[in-house]
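# Structure assessment
Here is what each chain is made of, one letter per residue.
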Amino acid sequence: MTTKESLKIIGEDILKQCPDTVRRITDWPGTREVYRMDPEAFSTQVLHLHRKVMRLSTDGSIIGAAVFEHDQIVTTYSVDGEMMISRPLKNTIYIDRYACTQQPLPVPDSRFRFTEMHEACHHILVRMGFMEPRPVMYRRTDREESREERMADYLAAYLLMPDSVLIAMMKSRDYRPLVSYEDVMPRRDAMFFENMTRSLQVSSAALTRRLRDAGFWEDRSIYEYEDPDRPWGYDPIGGVMP
């Protein structure tokens with residue numbers, strides 16, 4: 001049974017074995033311990049995968065795909081019935097650049113980076129025997145949340161945002177968790193969170209899940225809202241004084 005803890009161990013082992021695929025972030029204040037994974041270098045130099053950027057669907061429903069064998073025939077159809085892929089290359093990651101870059105995220109390339117890492121993780125899990133070597137599609141919406149997809153998501157997120165990096169970043173605020181009052185954050189927490197997403201080049205949703213998993217995220221009721229930078233009586237929803 002593959003658990004989150006075992007996936008973390010796998011992720012840490014991968015990071016130790018491929019230091020050349022991580023780059024130090026020089027614009028993060030107060031620490032020299034913040035690194036960012038390069039998904040392209042990891043997939044091509046470490047896993048030795050082919051990498052193809054192309055249009056996978058006309059409606060943007062398919063973001064990425066992972067193919068493992070030469071004799072596999074992968075045929076995908078968009079809602080209007082147009083075929084986009086057939087007879088793909090062996091050991092290949094396919095990425096739909098249009099579908100990735102058109103999504104409303106704080107960092108334009110964050111969806112692209114996560115998709116590449118997600119597909120690379122499918123190849124890792126197949127090589128380790130945790131998944132069957134059958135073609136898989138990473139869909140934007142309405143995709144089945146299978147156990148294999150959740151495993152690839154979790155491992156991809158961990159490789160992009162390992163515990164050691166989150167700890168190094170949170171050190172500058174004395175490891176105090178970021179607080180969210182039903183999706184409303186105090187000003188300082190919101191600015192810190194935005195800097196994290198920009199530096200790590202990840203989406204806010206992915207970072208939120210990793211911070212929560214690492215114990216650096218706290219969810220509270222909107223009725224408990226507090227912000228030392230806002231005057232008394234500030235409305236966190238409307239942003240106006242009563």
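Look a little higher up for the structure.
My aim in this report is to walk through the structure given alongside it, one point at a time. (Residues numbered from 1 in each chain as written. Predicted model: local features only at pLDDT ≥ 70, side-chain atom pairs only at ≥ 80, totals over all residues. Heavy atoms only, no water.)

### Points about the environment of N195
With respect to the helices, strands and loops of the structure, N195 is situated in helix α7 (residues 187-200). A C-alpha to C-alpha distance of 8.4 Å links N195 and W28, two positions 167 residues apart in sequence. (Helix = DSSP H or I, 4+ residues; strand = E, 2+ residues; numbered from the N terminus.)

### A word on the pairing of strand β7 (residues 178-181)
Where burial is concerned, the two faces of β7 agree: the one with L178 and S180 and the one with V179 and Y181 are both buried. In this structure, β7 lies alongside strand β8 (residues 217-220), joined through four bridges in parallel fashion. Across the sheet, residue Y181 finds its bridge partner in β8, namely R220. (Buried < 20%, exposed > 50% of the residue type's maximum accessible area, 1.4 Å probe, protein only. Pairing = 2+ DSSP bridges.)

### Let's talk about the sheet that holds strand β3 (residues 50-53)
Strand order in the open sheet made by the four strands is β3-β5-β4-β6, with mixed pairing throughout. Since the sheet does not close on itself, it has two edges, and those belong to β3 and β6 (136-139), each with one partner. Sheet twist, expressed as the average angle between the axes of neighbouring strands with direction ignored, equals 15°. In this structure, strand β4 (residues 62-67) lies alongside strand β5 (residues 92-95), joined through four bridges in antiparallel fashion. Bridging from a neighbouring strand, G64 pairs with I95 of β5. (Axes fitted to C-alpha atoms, helices over the stretch in contact; angles between N-to-C directions.)

### Topic: the packing of helix α4 (residues 110-127) against helix α5 (residues 147-160)
Two numbers describe a pair of packed helices, the interaxial angle and the distance between the axes. Taken N-terminus to C-terminus, the directions of α4 and α5 make an angle of 120°; their axes are 8 Å apart at the nearest point. As for the relative orientation of α4 and α5, their crossing is right-handed in sense. Contacts from R113, F114, M117, H118, C121, H122, I124 and L125 in α4 reach E148, E149, M151, A152, D153, L155, A156, A157, L159 and L160 in α5. When the residues that make up the contact of α4 with α5 are grouped by side-chain class, the tally is 12 nonpolar, two polar and four charged. (Left-handed = near helix turned anticlockwise from the far one by under 90°. Contact = heavy atoms within 4.5 Å. Nonpolar A, V, L, I, M, F, W, Y, C, P; charged D, E, K, R; others polar.)

### Things to note about the packing of helix α6 (residues 163-170) against α7
Relative orientation of the contacting elements α6 and α7 amounts to 135°, with a least axis distance of 12 Å. What the angle tells us is that α6 and α7 run oblique. Seen from above, α6 lies across α7 with right-handed handedness. Taking contact as the criterion, the partners of V165, L166, M169 and M170 in α6 are, on α7, F192, M196, S199 and L200. Residue composition of the contact of α6 with α7, grouped by class: seven nonpolar, one polar and no charged. (Parallel < 35°, antiparallel > 145°, perpendicular 65-115°, else oblique.)

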